[in-house]
Amino acid sequence: MAIFTGAGVAIVTPFKEDESIDYDRLDELIDFHCENGTDSIVICGTSGEAATMTEREHMECVKFTVERTKGRIPVIAGSGSNCTKTAMELSKEAAGYGVDGVLVVTPYYNKATQKGMISHFTQVADAAKVPVVLYNIPGRTGCKMEAETVAYLVNNVDNIVAIKEASGDFSNIVKMMELTDGKLDLYSGNDDQIVPLMSIGGKGVISVLSNVAPQAAHDICQLYLDGKVKESLELQLKALPLIHALFSEVNPIPVKKAVERTKKATQGDGKIGVFWHTQGSGKSLSMVFYAHLLQDELSQPTIVVITDRNDLDDQLYTQFSKCQQFLRQIPIQAKSREDLKSLLAGREANGIIFTTMQKFEESDEPLSLRRNIVVMTDEAHRGQYGFEEK
């Protein structure tokens, strides 16, 4: 029986400014995933930044996650290392905390041979006792598991039961499935390849996408498992812009800088609290991440998004609506200046409100005197409104 089917989140680890783990925020994330369609939590994997933790931090994080999940969904702990003894110790300790399985990556940097990997994984599995998910990601580790190696391990080590496949080598993956003859549970390690891997017998995905859109990641898998292949594929393709944006190297950097500048603005006259986003397919996601971070960094701000075209307003509103679970807010559209004024007056905090310049008429009367309103506006035509880039 598979550890899970569907979408397991490769959950991020929240950190405080002093680089210690933010357990209050992690607790919120665990509840969020348990309540919003996630099928399993994979803690301290690549997205969880286990490589930047001490071994004690790593294990404390695993222990906390098991305790807080309380059996609602399975928990899989990342416990790999390029040192076999370290991987054995981490896996054994994680198993002692009650994880449902461990995720063990190929020994990075060492460039292990196939025979060396067989020895490594056999020893780790023997120490862990719990189900082991192999993790094949040669782009990060510098070594790749061949189909014959995976088949040998699955056929000879009882608790090696699954693999997270992020190699993108479909010929090798198909051969794995052939040689293991139904004994291997296959999970995609790439969000843009969920449906293709499920078509060759995959059980689901260990997902970065689930961090921001857990229901969508779950639905892609569940639709396929329910035999609704066309609908699953449509949702997979629809999610691609979001998936690609999540793997943009530069995307988090300007967003974090924007939050820093906005916090600074709240301590002064507020005149620099405008976020200019870049052009391109990821710009709406930059705005979503910015809005999400603002809620954590400021005191329950109300965010007003102003564009210069009704169609752009609709596009951004639709994107924000797709991410309402991540944002913990339901976006709304203001029909007019008076409607916007009423919406702002009707709340003391929170809310994400969309409007366009066309809905405004000349007026010297302020929309609101509140100090906790952050304005985001479309970058393309800022000059005609008298704004200057900061």
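Keep in mind that this is a model prediction, so the values were computed, not measured.

Caption draft 1: Looking closely at the sheet that holds strand β8 (residues 204–207). Here we have eight strands rolled up into a closed barrel, ordered β1-β2-β3-β4-β5-β6-β7-β8, and parallel in their pairing. Pairwise comparison of adjacent strand axes, ignoring direction, gives a mean angle of 25° for this sheet. Across four bridges, strand β1 (residues 6–10) lies against β8 in parallel orientation. Across the sheet, V9 pairs through a bridge with S207, a residue of β8. The strands touched by helix α9 (residues 214–225) within the sheet are β1 and β8, with β1 carrying the most contacts at an inclination of about 155°.

Caption draft 2: Spatial organisation of the nonpolar core. Ranked by internal contacts, the top residues of the largest apolar core, which has 50 residues, are I43, L134 and I160. Once you skip the residues sitting within four places of it in the chain, I160 turns out to touch F121, A125, V132, L134, L153 and V154. Counting 35 residues, the second-largest nonpolar core is a separate cluster that includes M198, A213, M287 and L294.

Caption draft 3: Representation of the confidence of the model for the chain in the model. On average, residues of the chain carry a pLDDT of 86, and 85% of them reach 70 or more. For the stretch residues 381–385, pLDDT sits under 50, and the model shows seven contacts to residues farther than four places along the chain or on other chains.

Caption draft 4: The arrangement of helix α7 (residues 170–180) in detail. Those residues of α7 that fall on the buried side of the exposure criterion are N172, I173, M176, M177 and T180. Buried residues of α7, seen end-on, are gathered within an arc of 140° and therefore sit on one face of the element. Looking at α7, the residues exposed on the side facing more than 90 degrees away from the buried face are S171 and E178. Against β5 (132–136), α6 (147–156), β6 (160–165), β7 (185–188) and α8 (194–198) lie the buried residues of α7.

Caption draft 5: Quick look at the pairing of strand β10 (residues 302–307). Counting buried residues along β10, six of its six residues qualify, which places the element largely inside the surrounding structure. Burial along β10 is two-sided: T302, V304 and I306 and I303, V305 and T307, pointing in opposite directions, are all buried. The pairing of β10 with strand β12 (residues 352–356) spans five bridges and is parallel. When the sheet's bridge partners are listed, I303 is paired in β12 with I352.

Caption draft 6: Inspection of the packing of helix α4 (residues 114–128) against α6 at higher detail. At a closest axis distance of 10 Å, the pairing of α4 and α6 adopts a crossing angle of 30°. As summarised for this structure, α4 and α6 are arranged roughly parallel, according to the angle between their axes. Here the hand of the crossing between α4 and α6 comes out right-handed. Facing Q114, I118, F121 and T122 of α4, the residues of α6 in contact are T149, Y152 and L153. In the contact of α4 with α6, the residues fall into four nonpolar, three polar and no charged.

The rules behind these values
- Residues numbered from 1 in each chain as written.
- Predicted model: local features only at pLDDT ≥ 70, side-chain atom pairs only at ≥ 80, totals over all residues.
- Heavy atoms only, no water.
- Pairing = 2+ DSSP bridges.
- Helix = DSSP H or I, 4+ residues; strand = E, 2+ residues; numbered from the N terminus.
- Axes fitted to C-alpha atoms, helices over the stretch in contact; angles between N-to-C directions.
- Contact = heavy atoms within 4.5 Å.
- Core = buried A, V, L, I, M, F, W, Y, C linked by side-chain atoms within 4.5 Å.
- Buried < 20%, exposed > 50% of the residue type's maximum accessible area, 1.4 Å probe, protein only.
- pLDDT = per-residue confidence, 0-100.
- Arc of directions from axis to C-beta.
- Parallel < 35°, antiparallel > 145°, perpendicular 65-115°, else oblique.
- Left-handed = near helix turned anticlockwise from the far one by under 90°.
- Nonpolar A, V, L, I, M, F, W, Y, C, P; charged D, E, K, R; others polar.

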